Amino acid sequence: MRQYIFGTGLLSAITGGVTLLRALRNDEPFTWRTALAWLSWGITLALAIGSVVDTRRARRGKVIAGDSPIAKKQDKLFKKRLGR
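Residues numbered from 1 in each chain as written. Predicted model: local features only at pLDDT ≥ 70, side-chain atom pairs only at ≥ 80, totals over all residues. Heavy atoms only, no water.

Caption draft 1: Region of the structure containing the overall build of the chain. The secondary structure content of the chain amounts to four helices and zero strands. The order of helices and strands in the chain, counted from the N terminus, is α-α-α-α. Relative to its 84 residues, the chain shows a buried fraction of 18%. When contacts within the chain are restricted to residue pairs at least 6 apart in sequence, long-range pairs at least 24 apart make up 31% of them. For the chain, the computed accessible surface area is about 6700 Å², with 61% contributed by carbon and sulfur atoms. (Helix = DSSP H or I, 4+ residues; strand = E, 2+ residues; numbered from the N terminus. Buried < 20%, exposed > 50% of the residue type's maximum accessible area, 1.4 Å probe, protein only. Contact = heavy atoms within 4.5 Å. Areas by Shrake-Rupley, 256 points an atom, 1.4 Å probe, with all protein chains shown as cover.)

What follows is the structure, given as structure tokens:
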């Protein structure tokens, strides 16, 4: 489980959220740029979590969607798990 939590995508999404939270504390007005930054952060976090879920499913031998970046590595990840 540690390898999923400490993945670079998830860590970068979390640090991006921390940066946005710090900007809120500076009493700056909420502008359209801030709204776009929060939207971008939400999309990044969703993609990072989706990647973790797809990797876990592939390692357990379950079928994942063809549009996932992990789809090409699915057989390799499953064989790696069987080798343990």
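Caption draft 2: A look at the confidence of the model for the chain. Here the chain shows a mean pLDDT of 79. Residues at 70 or above account for 79%. Summarising per-element confidence for the chain, the mean pLDDT is lowest in helix 1 (residues 2-5) (60) and highest in helix 3 (residues 32-59) (87). (pLDDT = per-residue confidence, 0-100.)

Caption draft 3: Examining the packing of helix 2 (residues 8-25) against helix 3 more closely. Following both chains from N to C, one finds helix 2 and helix 3 inclined at 155°, their axes separated by 9 Å at the closest point. With respect to helix 3, the axis of helix 2 lies roughly antiparallel. For the pair helix 2 and helix 3, the sense of crossing is left-handed. Where helix 2 approaches helix 3, its residues G9, L10, A13, G16, G17, L20, L21 and L24 are matched on the opposing element by A37, W38, W41, T44, L45, A48 and I49. (Axes fitted to C-alpha atoms, helices over the stretch in contact; angles between N-to-C directions. Parallel < 35°, antiparallel > 145°, perpendicular 65-115°, else oblique. Left-handed = near helix turned anticlockwise from the far one by under 90°.)

Caption draft 4: Structural context of helix 3. Under the 1.5 Å per step criterion, the end-to-end length of helix 3 is 41 Å for 28 residues, consistent within 8% with the ideal 40 Å. Following helix 3 by one or two positions, G61 adopts a phi angle in the positive range, close to 85°. (Expected span 1.5 Å × (residues − 1).)

Caption draft 5: Local environment of a nonpolar patch on the surface. Taken together, the side chains of W32, L36, L39, I43 and L47 make up a nonpolar region of the molecular surface, amounting to roughly 570 Å² of accessible area. Using a relative accessible area of 60% as the deciding quantity, one classes L47 as exposed. (Patch = residues over 30% accessible without salt bridge, like charges linked within 9 Å, V, L, I, M, F, W, Y side chains within 5 Å. Salt bridge = Lys/Arg side-chain N within 4 Å of Asp/Glu carboxyl O.)

Caption draft 6: Region of the structure containing the packing of aromatic side chains. Within this structure, the stated rule accounts for one aromatic pair. With centroids separated by 5.6 Å and ring planes inclined at 85°, the aromatic side chains of W38 and W41 adopt a geometry described as edge-to-face. In this pair, W38 and W41 are both assigned in helix 3, three residues apart and thus about one turn of the helix distant. Here W41 falls in the partly exposed class, since its relative accessible area comes to 24%. (Phe/Tyr/Trp six-rings, centres within 6.5 Å; stacked < 30°, edge-to-face > 60°.)

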